[in-house]
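Structural description and commentary
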Amino acid sequence: MDFWQAHGWLFLIGITVFPRLTMLLAVSVPFGFLAWAGWLFFPHLTVAILATTYYWHTNPVLCVIAWFVALGGTAGEGKVASRRIKKTQTR
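Remember, it's a predicted structure, so these values are computed and weren't measured experimentally.

A separate point is helix H2 (residues 9-17). When H2 is considered as a whole, its buried residues turn out to be Phe11, Leu12, Gly14 and Ile15. All buried residues of H2 project into a common sector of 165° when viewed along the axis, lining one side. Opposite the buried face of H2, by more than 90 degrees, sit the exposed residues Trp9, Leu10, Ile13 and Val17.

What follows is the structure, encoded as structure tokens:
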């Protein structure tokens, strides 16, 4: 199945900006323990894994972009969190 047959631009933007909320409300794939752990700790990585699993054969470019967002998004969130912790500790 093609990604665009199942989802639209709104879903794509939502899963990029708000991955936890979008997966919770819009993804109908059954989640196991590892998927829930990924949802809780690494949502962008979970999105990239799910995208690769289901859409690699029909949309490889979209999957590669999902991996770039996953690696950049997770690293960016970590940097922001560490900056906030440092600011809180210096006060």
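Text resumes after the structure shown.
All right, on to the side chain of Asn59 then. Relative to the elements of secondary structure, Asn59 occurs in the loop between helix H5 (43-55) and helix H6 (60-90). Here Asn59 falls in the buried class, since its relative accessible area comes to 11%. Separated by 3.4 Å, the side chains of Asn59 and Asp2 make a polar contact. When near neighbours in sequence (up to four residues on either side) are disregarded, Asn59 contacts Asp2, Phe3 and Trp4.

What follows is about the packing of helix H3 (residues 19-26) against H5. Interaxial distance between H3 and H5 falls to 9 Å at its minimum, and their mutual angle equals 50°. On the basis of the axis angle, H3 is oblique to H5. Note on element contacts: H5 touches H3 through Pro43, His44, Thr46, Val47 and Leu50, opposite Pro19, Arg20 and Met23. Of the residues belonging to the contact of H3 with H5, the class tally is five nonpolar, two polar and one charged.

What counts and how
- The written sequence of each chain sets the order in which its residues are numbered from 1.
- Given that the model is predicted, a residue must reach a pLDDT of at least 70 before its local features are reported, and side-chain atom pairs must reach 80 or more before they are shown or counted; all residues, however, enter totals for whole chains, interfaces and linings.
- Side-chain measures here rest on the full set of heavy atoms in the structure, leaving out hydrogens and waters.
- Under the scheme applied here, a residue whose accessible area is under 20% of the maximum for its type counts as buried, over 50% as exposed, and between as partly exposed, the area being computed with a 1.4 Å probe on protein chains only.
- In DSSP terms, a helix is any run of H or I states spanning at least four residues, a strand is any run of E spanning at least two, and both are numbered starting from the N terminus.
- Throughout, the arc means the angular range of directions from the helix axis out to the C-beta atoms.
- Under the rule applied, a polar contact is a pair of N or O atoms within 3.5 Å (in protein, one hydrogen donor and one hydrogen acceptor; residues adjacent in sequence only if both atoms are side-chain atoms).
- Working rule for contacts: check all heavy atoms of both residues, and any pair within 4.5 Å makes them a contact.
- As a rule, the C-alpha atoms of each element are fitted with a line to give its axis, helices using only the stretch in contact, and angles between N-to-C directions run from 0 to 180 degrees.
- Note that the term roughly parallel is reserved for angles under 35 degrees, roughly antiparallel for angles over 145, roughly perpendicular for angles of 65 to 115, and oblique for everything else.
- Each residue gets one of three labels, nonpolar for Ala, Val, Leu, Ile, Met, Phe, Trp, Tyr, Cys and Pro, charged for Asp, Glu, Lys and Arg, and polar for the others, Gly among them.

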